[in-house]
Amino acid sequence: MKLATVSMGEFLNYLSIPFLPVDVSWPLPNLNRSHKLWTVGSAILVPTVGVMSKVFSCWFNSFNVYNREILINALDNRPSSQPLITVSNHYSCLDDPMLWAGLLEFRHFFTPKKIRWSLAATDICFTNELHALFFSLGRTVPIVRGNGVYQKAMDFVLERLNKGEWVHIFPEGKVNMSKECLRIKWGVGRLIAESKICPVVIPLFHLGMDEVLPNTPPYYPKTNKKITVVVGEPIALEETIRELREANKNAVEQRKTISDIIQKEMWKLRDKAQTLNSSE
């Protein structure tokens with residue numbers, strides 16, 4: 001008897017995930033409809049990766065966190081309708097998930113509503129069907145670099161924010177191998193400006209991830225390295241947004257102003273992280 005074979009693309013279509021074999025168009029389900037198989041798969045993958053990453057980052061390396069309670073408080077105690085946005089620098093491909101492995105508690109990995117949605121470049125993380133399935137189950141959204149702030153990935157995460165969920169963004173838009181102060185992308189400004197409820201916006205800055213996973217060959221994770229993460233105070237943006245709207249500023253002016261504020265706060269946090277890292 002000949003057994004029927006099902007391709008990965010057919011399996012993704014069965015999950016109601018539109019997919020193109022070569023150029024990934026959209027590997028995530030419509031979360032407004034039934035998506036039980038995706039939910040089960042994500043509920044298995046997220047804690048598995050989270051626990052493994054936590055063991056590696058915290059047991060095999062030195063993971064030092066400052067002001068962790070700010071993020072934990074936002075996750076556990078903010079109103080259910082209020083969205084959360086975190087922004088951080090991007091120094092290594094391991095930044096996500098190791099960042100959350102060190103910051104979150106084990107219980108968070110088993111609570112889907114307290115796990116972030118993260119944006120990732122299609123040309124890095126969604127290059128084939130298997131990668132697309134893996135990253136989508138890990139609550140990662142494919143964004144096309146160069147397509148601007150108005151694209152499906154941005155619309156998707158804006159919808160998640162309007163559901164009171166958590167979205168993390170690496171606003172530098174790439175792995176910053178030179179560690180310079182890059183001009184951040186304005187997508188985060190759009191998300192904050194267009195959210196129905198102003199999000200809690202928390203900046204993060206970390207050092208040492210590129211020591212754990214170097215950005216140059218050989219690309220092997222290393223142990224006994226020092227990682228420093230500093231969680232900043234929430235950035236107050238409600239008054240700024242109100243003033244921008246009262247002044248009838250257009251969409252470009254709004255997202256630029258908001259992005260500029262976030263950028264300044266991230267650069268301040270960078271200086272603090274460097275000081276703390278050198279004193280450890």
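The shown structure was predicted, so the numbers you read here are calculated from the model rather than taken from an experiment.

**Student:** Can you walk me through the overall build of the chain in this structure?
**Tutor:** Per the secondary structure count, the chain includes 12 helices and seven strands. Against the globule reference of 19 Å for 280 residues, the chain gives a C-alpha radius of gyration of 19 Å, in line with a compact fold. Taking the principal axes of its C-alpha atoms as reference, the chain extends roughly 65 × 50 × 35 Å. Relative to its 280 residues, the chain shows a buried fraction of 51%. Long-range contacts, defined here as pairs at least 24 residues apart, represent 75% of the contacts in the chain between residues at least 6 apart. Counting only carbon and sulfur atoms, one obtains 58% of the accessible surface of the chain, whose full area is about 14,000 Å². Charge-centre separation for the chain: the mean point of 33 positive side chains lies 3 Å from the mean point of 27 negative side chains.

**Student:** Just checking my understanding: could you explain the environment of H90 for this structure?
**Tutor:** Tracing the backbone through its elements, the reader meets H90 in the loop between β2 (84–88) and α4 (95–103). Considered as a pair, H90 and E172 are 82 residues apart in the sequence and their alpha carbons are 6.9 Å apart. Each residue touching H90, except ones within four places of it in the same chain, is listed here: D95, F170, E172, K174, V175, N176 and H206.

**Student:** Could you clarify how one ought to interpret the pairing of strand β3 (residues 117–121) in this entry?
**Tutor:** Two faces make up the sheet, and in a regular strand the side chains alternate between them. A large share of β3 lies buried, amounting to five of its five residues. Alternating residues of β3 divide into W117, L119 and A121 and S118 and A120, and every residue in both groups is buried. Of the pairings in the sheet, the one linking β3 to strand β5 (residues 166–169) comprises two bridges and is parallel in character. For W117, the partnering residue across the bridge sits in β5 and is V167. Direction of pairing for β3 relative to strand β4 (residues 140–143): parallel, over a ladder of four bridges. From the neighbouring strand, L119 faces β4, where its bridge partner is V141.

**Student:** Please explain the packing of helix α2 (residues 36–59) against helix α7 (residues 129–137) as it appears in this structure.
**Tutor:** Each packed pair of helices is defined by two parameters, the angle between the axes and the distance between the axes. For the pair α2 and α7, the least separation of the axes is 8 Å and the interaxial angle reads 80 degrees. By the angle between their directions, the pair α2 and α7 is classed as roughly perpendicular. For the pair α2 and α7, contact is made by W38, G41, S42, L45, V46 and V49 and by F134, S136 and L137, respectively. Split into classes, the residues belonging to the contact of α2 with α7 amount to six nonpolar, three polar and no charged.

**Student:** Would you mind going over the environment of K114 with me for this structure?
**Tutor:** Considering the arrangement of structural elements, one finds K114 in the loop between α5 (106–109) and β3. Relative accessible area serves as the criterion here: at 21%, K114 is assigned to the partly exposed category. The spatial distance from the C-alpha of K114 to the C-alpha of Q274 is 29 Å, given a sequence separation of 160 residues. Contact partners of K114, with chain neighbours within four places excluded, come to L75, D76, R107, H108 and W166.

**Student:** Can you help me understand the nonpolar core in this one?
**Tutor:** Here is a general trend for soluble globular proteins: nonpolar side chains tend to be buried in one another's company. One finds V141, I192 and I262 to be the most contacted residues of the largest nonpolar core, which totals 35 residues. Per-element accounting of this core gives the leading share, six residues, to helix α8 (residues 152–161). Beyond its immediate chain neighbours, meaning those up to four positions away, I192 contacts I85, P199, V201, L237, I241, I258 and I262. Residues V46, L75, L104 and I202 belong to the second largest nonpolar core, which totals 26 residues.

**Student:** How should the sheet that holds β4 be read in this particular structure?
**Tutor:** In a beta sheet, neighbouring strands are held together by backbone hydrogen bonds and run either parallel or antiparallel to one another. The strand order β1-β7-β6-β2-β5-β3-β4 describes an open sheet built from seven strands, whose pairing is mixed. The open sheet has two free edges, formed respectively by β1 (62–66) and β4, since each of these has just one partner strand. Taken pair by pair, the neighbouring strands of this sheet meet at an average axis angle of 25 degrees, ignoring direction. Pairing analysis gives four bridges linking β2 to β5, with the strands arranged parallel. Looking at β5, one finds that L84 is bridged to W166. In the packing of helix α9 (residues 187–194) onto the sheet, the strands contacted are β2, β5 and β6 (200–207), and the crossing angle to β2 comes to about 165 degrees.

Rules and cut-offs
Residues numbered from 1 in each chain as written. Predicted model: local features only at pLDDT ≥ 70, side-chain atom pairs only at ≥ 80, totals over all residues. Heavy atoms only, no water. Helix = DSSP H or I, 4+ residues; strand = E, 2+ residues; numbered from the N terminus. Rg over C-alpha atoms; globule rule 2.2 N^0.38 Å. Buried < 20%, exposed > 50% of the residue type's maximum accessible area, 1.4 Å probe, protein only. Contact = heavy atoms within 4.5 Å. Areas by Shrake-Rupley, 256 points an atom, 1.4 Å probe, with all protein chains shown as cover. Lys, Arg positive; Asp, Glu negative; His and termini not counted. Charge placed at Lys NZ, Arg CZ, Asp CG, Glu CD. Pairing = 2+ DSSP bridges. Axes fitted to C-alpha atoms, helices over the stretch in contact; angles between N-to-C directions. Parallel < 35°, antiparallel > 145°, perpendicular 65-115°, else oblique. Nonpolar A, V, L, I, M, F, W, Y, C, P; charged D, E, K, R; others polar. Core = buried A, V, L, I, M, F, W, Y, C linked by side-chain atoms within 4.5 Å.

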